[in-house]
Amino acid sequence: FDELRPVFASVQRGQAFVIANTRTIGPLETQKQADPANPFGSLMMGFAPIWQDTEFLSAALTLGDGGALSITAHCGSAENVDSAAKALQTVPVFVSNILNSMLASDQTSANGFLDIVDTEALRALAAALKNAEITPRNDRADLTIPLDDFDAHLSRNVTSFVDDIA
């Protein structure tokens with residue numbers, strides 16, 4: 001766990017933080033996506049460098065002023081940073097396109113699934129994804145999504161969810 005010390009040291013007070021060991025889950029994910037019975041496997045393999053060329057992934061969510069979602073692909077060597085960065089760079093575009101498609105198709109549907117979702121929050125998230133930045137470093141690639149306009153929606157929805165289950 002020595003290689004994780006700098007990661008844990010970078011966690012700031014008040015951040016939600018998660019880490020995934022891609023050395024363990026990466027081969028399982030490749031096997032799952034390569035299964036011919038998986039209808040989305042070929043599509044998802046476009047993101048394979050995220051789990052194949054990394055040692056682990058970390059994500060941190062910071063709310064408030066300067067809030068952001070940061071995802072870091074920690075590569076075992078500098079040679080893998082470029083492929084991981086390129087794969088990470090496609091994630092915001094892919095997710096934004098899905099969100100915009102969901103929003104557009106639900107507008108034409110009489111009983112859309114978005115009735116139970118904060119559509120303004122989804123629009124704000126799609127807009128936030130357009131401001132995503134990729135920063136390749138020595139042995140990692142950072143994806144940072146500023147949440148300035150999305151922060152209020154997220155806080156409101158989390159508060160509402162907590163109130164509903166309490």
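All of the points below concern the structure found in this document. (Residues numbered from 1 in each chain as written. Predicted model: local features only at pLDDT ≥ 70, side-chain atom pairs only at ≥ 80, totals over all residues. Heavy atoms only, no water.)

1. Points about the side chain of Asp-142
- Counting through the fold element by element, Asp-142 comes out in strand E5 (residues 140-146).
- A distance of 2.6 Å separates a polar atom in the side chain of Asp-142 from a polar atom in the side chain of Arg-137.
- When sequence neighbours within four positions are dropped, the list of residues in contact with Asp-142 reads Ile-71, Thr-72, Glu-133, Ile-134, Thr-135 and Arg-137. (Helix = DSSP H or I, 4+ residues; strand = E, 2+ residues; numbered from the N terminus. Polar contact = N/O pair within 3.5 Å; in protein donor to acceptor, adjacent residues only side chain to side chain. Contact = heavy atoms within 4.5 Å.)

2. A short note on the pairing of strand E2 (residues 56-62)
- When you tally the buried positions in E2, you get 5 out of 7 residues, the bulk of the element.
- When strand E1 (residues 16-21) meets E2, the two strands line up antiparallel, connected through 6 bridges. Bridge pairing in E2 links Phe-17 to Ala-60. (Buried < 20%, exposed > 50% of the residue type's maximum accessible area, 1.4 Å probe, protein only. Pairing = 2+ DSSP bridges.)

3. A look at helix H2 (residues 22-34)
- Taking 1.5 Å per residue, 13 residues should reach 18 Å; H2 reaches 17 Å between its end C-alpha atoms and fits that length.
- Among all positions in H2, only Thr-22, Gly-26 and Gln-33 are buried. The buried side chains of H2 occupy one side of the element, clustering within an arc of 45 degrees when seen end-on. Opposite the buried face of H2, by more than 90 degrees, sit the exposed residues Pro-27, Leu-28 and Gln-31.
- For H2, the elements touching its buried residues are E1, helix H3 (41-44), helix H4 (49-52) and E2.
- For H2, the N-terminal capping position is held by Asn-21, with its side-chain oxygen 2.9 Å away from the main-chain nitrogen of Arg-23. (Expected span 1.5 Å × (residues − 1). Arc of directions from axis to C-beta.)

That is the geometry; function is a separate question.
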